[in-house]
Amino acid sequence: MGGDRPHERLDAWQQGTLLVKAIYGLSAGFPAEERFGLTQQMRRAAVSIPSNLAEGSARNGAREYAHFISVARGSLAELTTQIQIARMLGHLDDTTEILTLTDHVGRLLTGLHRKWSAQ
């Protein structure tokens, strides 16, 4: 990855897109009755993370960018909760790897937020 657009060079965006891919893979094995429930919610929350980074980078000003990074952080918190719910419901056996990735993305987002909210 790491294309011509500024947001594509961000580690947070790159790791966020890997998180999207992982969530799509994990949720593909969920029961059919979850297709319009937890599966859709998890995918939407995951997609929201890199999408908000892209949208924020296209805005004018640090304050606006920090807002979109904050929205991405909220989506990550939502996704982490949904992963825990999926495990509780028996849809996921081992969440160690995916939660390690969410923690990594969270640290990257926190660093970005600190940078842009301080400007």
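Residues numbered from 1 in each chain as written. Predicted model: local features only at pLDDT ≥ 70, side-chain atom pairs only at ≥ 80, totals over all residues. Heavy atoms only, no water.

Novice: Outline the overall build of the protein, supporting the account with residue identities and numerical values.
Specialist: Broken down by element type, the protein carries four helices and zero strands. Sequence-ordered secondary structure for the protein, helices as α and strands as β, is α-α-α-α. Taking 119 residues into account, the globule formula puts the C-alpha radius of gyration at 14 Å, and the protein, at 15 Å, falls close to it. Here the C-alpha coordinates of the protein stretch approximately 45 × 25 × 20 Å along the principal axes. With 119 residues in all, the protein has 41% of them scored as buried. A total accessible area of about 6,800 Å² is found for the protein, and carbon and sulfur atoms account for 51% of it. In the protein, which carries 13 positive and 12 negative side-chain charges, the distance between the mean positions of the two groups comes to 6 Å. (Helix = DSSP H or I, 4+ residues; strand = E, 2+ residues; numbered from the N terminus. Rg over C-alpha atoms; globule rule 2.2 N^0.38 Å. Buried < 20%, exposed > 50% of the residue type's maximum accessible area, 1.4 Å probe, protein only. Areas by Shrake-Rupley, 256 points an atom, 1.4 Å probe, with all protein chains shown as cover. Lys, Arg positive; Asp, Glu negative; His and termini not counted. Charge placed at Lys NZ, Arg CZ, Asp CG, Glu CD.)

Novice: Describe the nonpolar core, with residues and values.
Specialist: Within the largest apolar cluster, 26 residues are counted, with the highest numbers of intra-cluster contacts made by L19, I23, M42, I49, L79 and L109. When residues of this core are traced back to their parent elements, those giving at least two are α1 (11-27), α2 (38-57), α3 (62-88) and α4 (96-117). What I49 contacts, discounting residues up to four positions off in sequence, is L19, A72, S75, L76, L79, V105 and L109. (Core = buried A, V, L, I, M, F, W, Y, C linked by side-chain atoms within 4.5 Å. Contact = heavy atoms within 4.5 Å.)

Novice: Describe α1, naming the residues involved and giving the relevant values.
Specialist: With 17 residues, α1 should cover 24 Å at 1.5 Å per step; its first-to-last C-alpha distance of 24 Å lies within 8% of that length. Those residues of α1 that are buried lie in contact with α2, α3 and α4. (Expected span 1.5 Å × (residues − 1).)

Novice: Account for the environment of L79, with residues named and values stated.
Specialist: As for its position among the elements, L79 is in helix α3. Here the alpha-carbon distance between L79 and I23, two residues 56 residues apart in the chain, equals 9.3 Å. Among all residues touching L79, those that are not within four sequence positions of it are L19, I23, M42, A45, A46 and I49.

Novice: Kindly report on the pattern of salt bridges, identifying the contributing residues and their values.
Specialist: Summed over all chains, the structure comprises three salt bridges. A salt bridge links E78 to R44; the shortest N-O distance between them is 2.2 Å. Here E78, found in helix α3, pairs with R44, found in helix α2; they are 34 residues apart in sequence, far enough to count as distant. Among the residues examined, R44 registers a relative accessible area of 43% and is labelled partly exposed. Linking E64 and R59 is a salt bridge whose minimum nitrogen-to-oxygen distance equals 3.4 Å. A residue is classified by how much of its surface remains accessible, and R59, at 37% relative accessible area, is partly exposed. Connected through shared salt-bridge partners, E55, R59 and E64 make up one network. (Salt bridge = Lys/Arg side-chain N within 4 Å of Asp/Glu carboxyl O.)

As far as function goes, none of this settles anything; it's purely spatial.
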